[in-house]
Amino acid sequence: PDGTLDTSFGTGGIQNYDFELDYDSAYGITVLPDGDILLAGKALHPSTVNTYTIGLLRVNPDGSPDTAFGTNGRVTTLVGQDSAAAALSVDAAGRIVVAGEAWNGSDYDFMVARYLADGTLDATFGSGGTVVTDFAGSNDSAFAMLVQPDGKIVIGGYARGATGNDIALVRYNADGTLDTSFGSGGTVSTDFGGGDFGASSLALQGDKIIVAGSALSSNPGPFGLLVTDDLVVLRYNADGTLDSTFATAGVFRLDQPALGTRSYNETGYAVTVAADGAITVAGKQEIGRAHV
């Protein structure tokens, strides 16, 4: 509680975990009811050059691998020709859900996989435990996920549109099929008029879906327009339409204009909703070369 390293965990409060080769990365973490720690990310494939698999790791409260999970606490899953998990959740039934991206041979698609508590893929979900969703035949990637109380799964990220990346959402039924009551056949894309955008974090506010991320904007500078990132928060209704009662037509935008030769960038990375409905967003602001 005082911020010092907990020496009862790992070695002096720190523990590193290796899969089979170099370059393993964790992007999602959760603490389970029994105190075990679950991480998700990517691990280099042991036999295919420059290929990554989904990597899951479960460790005991003291930092030692939970040997009842996968192989010595580790699980790897290759979806498509290359895959990685960027978001992690555990549903009410104790099943592990991860979301990220999978390479189909020409571009990346949204990917979601569900595992049983012991690390085996849940064969009742999607196709053998995994689902891949393509938006428009170009690069799509998911960074955020939430599991609704009814078991439906929402994942968010970006999808490449005609003028750039769009904020993209997909909602699946509990069995991994697309929820056709959401958006257009289960998918929603929000375009701000060109440029690069993305959803970084999701939260529920009642039956509304809150999205935090970024979108590009152009502001006048001393030598013409300066293109910067704005922090955005969007609220969607349960059917995937933007909630027009929230902010401006469903979108809150934090845009700090450029000052002199310095450009300002704001990005939202995490969002949470308090019991009273208040929304808190954490991220970064860049002023020139400084970040806060």
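In what follows, the accompanying structure is described.

Rules used throughout
- Residues numbered from 1 in each chain as written.
- Predicted model: local features only at pLDDT ≥ 70, side-chain atom pairs only at ≥ 80, totals over all residues.
- Heavy atoms only, no water.
- Helix = DSSP H or I, 4+ residues; strand = E, 2+ residues; numbered from the N terminus.
- Buried < 20%, exposed > 50% of the residue type's maximum accessible area, 1.4 Å probe, protein only.
- Contact = heavy atoms within 4.5 Å.
- Areas by Shrake-Rupley, 256 points an atom, 1.4 Å probe, with all protein chains shown as cover.
- Phe/Tyr/Trp six-rings, centres within 6.5 Å; stacked < 30°, edge-to-face > 60°.
- Lys NZ or Arg CZ within 6 Å of the ring centre and 35° of its normal.
- Pairing = 2+ DSSP bridges.
- Axes fitted to C-alpha atoms, helices over the stretch in contact; angles between N-to-C directions.
- Polar contact = N/O pair within 3.5 Å; in protein donor to acceptor, adjacent residues only side chain to side chain.
- Salt bridge = Lys/Arg side-chain N within 4 Å of Asp/Glu carboxyl O.

### Brief notes about the overall build of the chain
Of the regular secondary structure elements, the chain holds zero helices and 19 strands. The proportion of buried residues among the 292 residues of the chain is 45%. Looking at the chain alone, contacts between residues at least 24 apart form 45% of all its contacts between residues at least 6 apart. Accessible surface, the chain: about 13,600 Å² in total, of which carbon and sulfur atoms supply 53%.

### Focus: the packing of aromatic side chains
Going through the model one piece at a time under the given rule, you end up with three aromatic pairs. With 5.9 Å between their ring centres and 35° between their planes, Phe-143 and Tyr-158 make a pair best called tilted. In this pair, Phe-143 is assigned in strand E9 (residues 140-147) and Tyr-158 in strand E10 (residues 153-160), connecting sequence segments 15 residues apart. Judged by its relative accessible area of 37%, Phe-143 falls in the partly exposed class. Sitting over the face of the ring of Tyr-52, Lys-42 holds its NZ or CZ atom 4.3 Å from the ring centroid.

### Some points on the sheet that holds strand E5 (residues 83-90)
With antiparallel pairing, the four strands of this open sheet are ordered in space as E5-E6-E7-E8. Only two strands of the sheet have a single partner each, and these edge strands are E5 and strand E8 (130-133). Across the sheet, the mean angle from the axis of one strand to that of its neighbour is 20°, orientation sign disregarded. Bridge count for strand E6 (residues 96-103) against strand E7 (residues 108-115) is eight bridges, and the pairing is antiparallel.

### Some words on the side chain of Arg-114
Assignment of secondary structure puts Arg-114 in strand E7. For Arg-114, a relative accessible area of 2% puts it in the buried group. A polar contact is formed between the side chain of Arg-114 and the backbone oxygen of Ala-174, at a distance of 2.7 Å. Beyond its immediate sequence surroundings of up to four residues, Arg-114 is in contact with Asp-91, Arg-95, Ile-96, Val-97, Leu-121, Asp-122, Thr-124, Phe-125, Gly-129 and Ala-174.

### Looking at the pattern of salt bridges
Inspection of the entire model under this criterion finds eleven salt bridges. Between Arg-58 and Asp-36 there is a salt bridge, with its nearest N and O atoms 2.8 Å apart. One end of the pair, Arg-58, is in strand E3 (residues 52-59); the other, Asp-36, is in the loop between strand E1 (25-31) and strand E2 (37-44), and 22 residues separate them in sequence. By the burial criterion, Arg-58 is buried, and Asp-36 matches it. Where Arg-95 meets Asp-91, a salt bridge forms, and the shortest distance between an N and an O atom there is 2.8 Å.

### Concerning the sheet that holds strand E4 (residues 74-77)
Each strand in a sheet pairs with another by means of backbone hydrogen bonds, the pair being arranged parallel or else antiparallel. With antiparallel pairing, four strands are arranged side by side in an open sheet as E1-E2-E3-E4. Edge strands, defined here as strands with exactly one partner in the open sheet, are E1 and E4. Neighbour-to-neighbour, the strand axes of this sheet turn through a mean angle of 20°, independent of strand direction. In this structure, E3 lies alongside E4, joined through four bridges in antiparallel fashion. Directly across from Leu-57, in E4, lies its bridge partner Arg-74.

### Some remarks on unusual backbone geometry
Although it is not a glycine, Asn-72 sits at a positive phi angle of roughly 55°. Tracing the backbone through its elements, the reader meets Asn-72 in the loop between E3 and E4. The class of Asn-72 is partly exposed, set by a relative accessible area of 41%. Even without being glycine, Ala-249 reaches a positive phi, approximately 55°.

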